[in-house]
Amino acid sequence: MVKQKQPVLFIELGFLCLLALLWGSSYLFAKIAVTEIPPLTLVVVRVGGAAIFLVILLALKRERLPRDSRSWRMLFVQSFLSSIAAWTILAWGQQYVDSALASVLNSTSPIFVFFITLLFTRHEKITGLKLFGATLGLFGVLFIVGVDALDGLGQEVLGQICAVGGAFLYGCAAIYGKRFTHLSSSVIATGTMLWATIVLVPASLIVDKPWSLTPSVEAIGSLAILSIFCTGVALLIYFRLIKTLGSLGVASQAYLRAGFGVMLGVVFLGEEISFIVAIGILAAVVGVAAINMPVTCRQKSRL
């Protein structure tokens, strides 16, 4: 079993913000690359490149992949929940759902984590403050994206179900990840990306025929950043935070992604922040803080 030191909260929250930044910026790099590289091949190169990066890192750290079949079965389930299935159905749903509405629907994973934990798993302490944080954070995302994003709710229902389904799978992945007490974060990240590569490569070869593609240097560079930083490094942080902040804590980064998306637009595109968006960012930050507030011994594990 991998021993964990007592985490320092402000350091872990710093990692949470970094994770939200990495995953929030992934939409930008994916948008650049997907203009020249088909979605399925893009995902394959993303996970494959991340797998290579993580294997090299594992070798440098002199860590080994597990040798027992039980661990590899667990890693397959984790990979299925967090990448193979979640990314596939989300990508399919986004073809039919407006991006603003999809981002709101896909930000509901903390709500799923909260109620799955409360009603079924009970693997972490649940409080009213955490429910308040999960709800407030979702409203914050809605304000950031724009309330009019809900205008399309009820249309293209199957696509919207896929967007919510992706959030549900992300939530399940955050909960399932708590089972890896016997593996380090780098081993878990490497194993999940290896499984994703094994499953998705054959599909890409059949559907996209990637050997016929001639992407530009810009597209290749964006894909490299997406693979190494937005996937490989992000997963190292993600699995660390599952161990330190817990399932609901790591899921709360979904609320910060939208805020970082706005800030990237301000820094790189010269966009301005409206008052409503600023209120949304504040609500998201307060919601995340409430979710990650340390639970004292006086707090019960139920509402």
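The structure reproduced in this document is the subject of the present report. Values in this document were obtained by computation on a predicted structure and should not be read as measured data.

In this section: the overall build of the protein. Scanning the protein for helices and strands turns up 12 helices and zero strands. The C-alpha radius of gyration of the protein comes to 19 Å, within 12% of the 19 Å expected for a compact globule of 303 residues. When its C-alpha atoms are laid out on the principal axes, the protein stretches across 60 × 50 × 35 Å. Residues classed as buried in the protein amount to 47% of the 303 residues present. Pairs at least 24 residues apart make up 90% of the contacts formed inside the protein by residues separated by at least 6 positions.

Now for the pattern of salt bridges. Following the criterion strictly, the structure yields two salt bridges and no others. Its salt-bridge partner being Glu12, residue Arg240 comes within 2.7 Å of it at the nearest N-O pair. Here Arg240, found in helix α9 (residues 217-244), pairs with Glu12, found in helix α1 (residues 9-33); they are 228 residues apart in sequence, far enough to count as distant. The shortest N-O distance in the salt bridge between Lys61 and Glu63 comes to 3.0 Å. Judged by its relative accessible area of 24%, Glu63 is partly exposed.

What follows concerns the side chain of Ser107. The residue Ser107 is located in the loop between α4 (99-105) and α5 (109-121) in this model. For Ser107, a relative accessible area of 4% translates into the label buried. Excluding anything up to four places from it in sequence, Ser107 contacts Leu138, Val141, Ala254 and Tyr255.

Let's shift gears to the environment of Phe275. The residue Phe275 is located in helix α12 (residues 275-291) in this model. Of the residues examined, Phe275 reaches a relative accessible area of 64% and is grouped as exposed. The sequence separation of Phe275 and Glu12 amounts to 263 residues, and the corresponding C-alpha distance is 29 Å.

Glancing now at the environment of Ile56. Mapped onto the fold, Ile56 is located in helix α2 (residues 39-60). With 134 residues separating them along the chain, Ile56 and Thr190 place their C-alpha atoms 9.7 Å apart.

Reading guide: rules and limits
Residues numbered from 1 in each chain as written. Predicted model: local features only at pLDDT ≥ 70, side-chain atom pairs only at ≥ 80, totals over all residues. Heavy atoms only, no water. Helix = DSSP H or I, 4+ residues; strand = E, 2+ residues; numbered from the N terminus. Rg over C-alpha atoms; globule rule 2.2 N^0.38 Å. Buried < 20%, exposed > 50% of the residue type's maximum accessible area, 1.4 Å probe, protein only. Contact = heavy atoms within 4.5 Å. Salt bridge = Lys/Arg side-chain N within 4 Å of Asp/Glu carboxyl O.

Functional significance is not addressed by these values, which are geometric in nature.
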